[in-house]
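One letter stands for each residue in the lines below.
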Amino acid sequence: MKSMRRMLLAVTIAAFTVGCGSDSTGPGGDEGLSGSMSFTYSGALSGTFSANGKFTGNLESSLNAGSLTIGFRHPENGQFGVNGYDITSGTRGNMAVMVFEGTEKGRYTPGVGAECEPRCAAVFLYFNLDMGGGAQVPGNDTRTFVFETGEFNVTELDSKVVKGTFSGTAVEFLGTAELTITNGTFSAPIIPAFPGAGGIN
């Protein structure tokens with residue numbers, strides 16, 4: 001049952017991590033739009049995720065400059081979300097992808113379907129992900145975790161920004177290793193045309 005749930009979550013996440021290519025653009029310009037995401041993790045892996053930086057209109061060039069966090073909002077589909085990119089070394093880094101099923105601020109629960117209604121959050125964490133050469137595609141040495149329990153409190157949501165806090169437990173995708181996530185926060189600018197896959201040169 002849990003494996004099936006994780007597969008459903010993966011399908012949801014895939015719809016938002018694969019887009020229209022590395023030339024996708026949005027607002028930003030020279031000054032850029034600042035965003036941030038941070039959390040502490042312990043268990044199977046331990047450390048601090050920190051994705052603070054600016055989106056300058058193109059995801060690939062923004063990643064070349066370093067870590068960043070961006071948001072997206074699709075009220076017509078009843079969804080919004082946040083992506084955080086924590087560059088750790090060269091073209092490699094960690095990524096957090098959050099997709100919220102809803103249109104309002106408030107409390108969201110990890111999961112899909114009836115188990116988390118009325119407000120669901122599908123959340124994946126990727127560690128040691130190669131973000132170079134195009135899309136952010138997990139490799140053999142990438143570890144992927146999905147939130148199983150916890151809560152996400154969205155404190156602000158409008159056409160320009162999404163902010164919130166989170167904590168909980170994530171389990172390795174198709175595995176049993178666990179992470180405990182604490183002190184999670186995010187503040188992300190909404191990118192109207194959410195940029196798709198794009199890597200670090």
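Described in the following lines is the structure provided in the data block. Not measured: the values here are computed from a predicted model.

**Comments concerning unusual backbone geometry**
Right, on to step 1. For Asn-128, which is not a glycine, the phi torsion comes out positive at approximately 60°.
Right, on to step 2. Note on Asn-128: relative accessible area 31%, which makes it partly exposed.
Right, on to step 3. Residues other than glycine seldom take positive phi values, yet Asn-183 does so here, at roughly 55°.
Right, on to step 4. Residue position: Asn-183 is located in strand E11 (residues 178–189).
Right, on to step 5. Residue classification places Asn-183 among the exposed positions, given a relative accessible area of 59%.

**A look at the packing of aromatic side chains**
Right, on to step 1. The tally for this structure, following the rule as stated, stands at 16 aromatic pairs.
Right, on to step 2. When the centroid spacing of 5.7 Å and the interplanar angle of 65° are considered together, the rings of Phe-39 and Phe-166 count as edge-to-face. Linking Phe-39 in strand E1 (residues 33–43) with Phe-166 in strand E10 (residues 161–172), this pair joins segments that are 127 residues apart in sequence.
Right, on to step 3. Take Phe-166: its relative accessible area is 4%, and that puts it in the buried class.
Right, on to step 4. When the ring of Phe-100 is compared with that of Phe-186, the centres are 6.2 Å apart and the planes differ by 40°; the resulting orientation is tilted. Remark: Phe-186 occurs in strand E11 and Phe-100 occurs in strand E6 (residues 92–101); sequence separation between them is 86 residues.
Right, on to step 5. Classification of Phe-100 by relative accessible area gives buried; the value is 0%.
Right, on to step 6. Under the relative-accessibility criterion, Phe-186 is labelled buried at 3%.
Right, on to step 7. Here the guanidinium or amino end of Arg-119 rests over the ring plane of Tyr-108, the centre of that ring lying 5.7 Å away.

Conventions and cut-offs
Residues numbered from 1 in each chain as written. Predicted model: local features only at pLDDT ≥ 70, side-chain atom pairs only at ≥ 80, totals over all residues. Heavy atoms only, no water. Buried < 20%, exposed > 50% of the residue type's maximum accessible area, 1.4 Å probe, protein only. Helix = DSSP H or I, 4+ residues; strand = E, 2+ residues; numbered from the N terminus. Phe/Tyr/Trp six-rings, centres within 6.5 Å; stacked < 30°, edge-to-face > 60°. Lys NZ or Arg CZ within 6 Å of the ring centre and 35° of its normal.

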